[in-house]
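Chain residues, written in single-letter form:
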Amino acid sequence: MNRADRLTNLGLFAVAAAAWAAVALVLVTSDPRANAAVLLAGALMLGGAVAGTLAPLLWLVGFAIQGRIAYRGDWWRAARRAALVGLIVVIFVVLRGEGALNLPLALFVVAMAVLVELTLSLRR
């Protein structure tokens, strides 16, 4: 791991901490049941916070699994997977806020995300 990887990890963790603070502020000050815009803003902030937290963690897991060797494209792979999880969180929060979330729909969303990740990972 070189200096740029360390700084990127620390920077992403700082961005994630700020995103979680913004999520906490929205949760404390606003009621998503009263306003759909607050629901969407909260969902986007929560998805961004989850993605910002997962990106450096996924990179570190990949770095550890590969024998402490950083390969080209590892950051893009970690960011793509974190963004996919963040998108799933946004979809779940919006569906839950609208009262439309059920088990078959949740399983469909997760299955589609897995299919997208498999398609992008196996296209070499």
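Keep in mind it's a predicted model, so treat the numbers as computed, not measured.

1. Quick word on the layout of surface pockets
Point 1. By volume, the largest pocket amounts to about 160 Å³.
Point 2. For the lining of the largest pocket, the secondary-structure elements that each account for two or more residues are α1 (3-29) and α2 (36-65).

2. Details of helix α4 (residues 103-121)
Point 1. The terminal C-alpha atoms of α4 lie 27 Å apart, and with 19 residues this matches the ideal 27 Å at 1.5 Å per residue to within 8%.
Point 2. Residues Ala106, Val109, Ala113, Glu117 and Ser121 constitute the buried set of α4. The buried side chains of α4 occupy one side of the element, clustering within an arc of 105° when seen end-on. For α4, the exposed residues lying more than 90 degrees away from the buried face are Pro104 and Leu107.
Point 3. Where the residues of α4 are buried, they touch α3 (74-98).
Point 4. Of the residues that open α4, the one with a side-chain oxygen 3.0 Å from the backbone nitrogen of Leu105 is Asn102.

The rules behind each value
- Residues numbered from 1 in each chain as written.
- Predicted model: local features only at pLDDT ≥ 70, side-chain atom pairs only at ≥ 80, totals over all residues.
- Heavy atoms only, no water.
- 1 Å grid on protein atoms, 1.4 Å probe; cavity = no way out; pocket = protein on both sides within 12 Å on 5 of 7 lines; lining within 4 Å.
- Points joined across faces, edges and corners; volume = space filled by probe spheres on them.
- Helix = DSSP H or I, 4+ residues; strand = E, 2+ residues; numbered from the N terminus.
- Expected span 1.5 Å × (residues − 1).
- Buried < 20%, exposed > 50% of the residue type's maximum accessible area, 1.4 Å probe, protein only.
- Arc of directions from axis to C-beta.
- Contact = heavy atoms within 4.5 Å.
- Polar contact = N/O pair within 3.5 Å; in protein donor to acceptor, adjacent residues only side chain to side chain.

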